[in-house]
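What follows is each chain in one-letter form.
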Amino acid sequence: MKKIAIIGGSKTFHSYLLKIFKLTDVQAKFFTRYAVKNENHYDYVIFDSSSNIKDVLINGNYCFINMDLINFKDNNINIYGNLITYGLGGKNTITVSSMEDNNSFVYCLQRDVNHNAVGILEPEEIPVNMAFSNDEEIYAAMVGITISLIEGKDISCLSKGRKLTVLS
């Protein structure tokens, strides 16, 4: 079971992330902003918040940062782990393109990512056929797909060749 700390993130983000994990068979235990302890080590840490985050020290094997939402000005954030940025900007480690009618998008891994300390996930684009309602669900999809890939899970159920609807 993977330990995942989520700093910020709405109920929508968390719920959609859980649905992706269920589809890709990722087993996880979540720690939210108020349950995260600085002295603990997590498999994954996700920063997904527009609120100011101050004086944070987090250890994680992989640390995801939503670059569309995080405000680093006047914050003391110390991150230890493999840093993975995500968002809608083209300079992030993970982004999406070709979003169509809230039913499909292309997941884009822009740079190499260490894969469970034994290999490397190389840049690739994966067409995804998944219903989404808003940016929070897109952000959760980026994180969920990436964690599934790092964990070596089969994500073919999300591929464009197969129609998938994630129900609320």
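A brief report on the enclosed structure follows. Computed from a predicted structure; not experimentally measured.

### Concerning the pattern of salt bridges
Reasoning step 1: This structure, assessed with the given rule, holds 1 salt bridge.
Reasoning step 2: The salt bridge partner of Lys2 is Glu151, with a shortest N-O separation of 3.7 Å. Of the two residues, Lys2 sits in strand E1 (residues 2-8) while Glu151 sits in the segment after helix H2 (135-150), which places them 149 residues apart along the sequence.
Reasoning step 3: The class of Lys2 is partly exposed, set by a relative accessible area of 26%.
Reasoning step 4: Relative accessible area serves as the criterion here: at 18%, Glu151 is assigned to the buried category.

### A word on the nonpolar core
Reasoning step 1: Counting 39 residues, the largest nonpolar core has Leu17, Ile46, Phe64, Tyr86, Phe105, Tyr107 and Ile147 as the members making the most contacts within it.
Reasoning step 2: With 10 residues, H2 is the largest single contributor of residues to this core.
Reasoning step 3: If you look at the next biggest cluster of nonpolar residues, it comprises 9 residues, including Ile7, Phe31, Tyr42 and Ile65.

### A few points about the pairing of strand E7 (residues 104-109)
Reasoning step 1: Buried residues dominate E7, accounting for 6 of its 6 residues.
Reasoning step 2: Where burial is concerned, the two faces of E7 agree: the one with Ser104, Val106 and Cys108 and the one with Phe105, Tyr107 and Leu109 are both buried.
Reasoning step 3: As defined by bridge partners, strand E6 (residues 94-100) adjoins E7 across 5 bridges and the pair is classed as antiparallel. Pairing of Val96 across the sheet is with Tyr107, part of E7.
Reasoning step 4: Where E6 folds back onto E7 in an antiparallel hairpin, the turn is made up of 3 residues, including Asp101, whose phi is positive at roughly 50°.
Reasoning step 5: Pairing of E7 with strand E10 (residues 124-128), which is carried by 5 bridges, proceeds in the antiparallel orientation.

### Some remarks on unusual backbone geometry
Reasoning step 1: One non-glycine residue with positive phi stands out, namely Asp25, at about 60°.
Reasoning step 2: If you trace the backbone, Asp25 turns up in the loop between helix H1 (11-24) and strand E2 (28-31).
Reasoning step 3: A positive phi angle, near 50°, is found at Ser98, a position not held by glycine.
Reasoning step 4: Within the secondary structure, Ser98 is located in strand E6.

### Details of the packing of aromatic side chains
Reasoning step 1: Taken as a whole and assessed by the stated rule, the structure comprises 7 aromatic pairs.
Reasoning step 2: A ring pair is formed by Phe64 and Tyr86, whose centres lie 6.4 Å apart and whose planes are at 65°; its orientation type is edge-to-face. With Phe64 in strand E4 (residues 56-66) and Tyr86 in strand E5 (residues 77-86), this residue pair connects regions lying 22 residues apart in the sequence.
Reasoning step 3: One aromatic cluster is present, formed by Tyr44, Tyr62, Phe64, Tyr86 and Tyr139 through successive ring pairs.
Reasoning step 4: The ring centre of Tyr42 lies 5.4 Å from the NZ or CZ of Lys3, which sits over that ring.

Cut-offs applied
- Residues numbered from 1 in each chain as written.
- Predicted model: local features only at pLDDT ≥ 70, side-chain atom pairs only at ≥ 80, totals over all residues.
- Heavy atoms only, no water.
- Salt bridge = Lys/Arg side-chain N within 4 Å of Asp/Glu carboxyl O.
- Helix = DSSP H or I, 4+ residues; strand = E, 2+ residues; numbered from the N terminus.
- Buried < 20%, exposed > 50% of the residue type's maximum accessible area, 1.4 Å probe, protein only.
- Core = buried A, V, L, I, M, F, W, Y, C linked by side-chain atoms within 4.5 Å.
- Pairing = 2+ DSSP bridges.
- Phe/Tyr/Trp six-rings, centres within 6.5 Å; stacked < 30°, edge-to-face > 60°.
- Lys NZ or Arg CZ within 6 Å of the ring centre and 35° of its normal.

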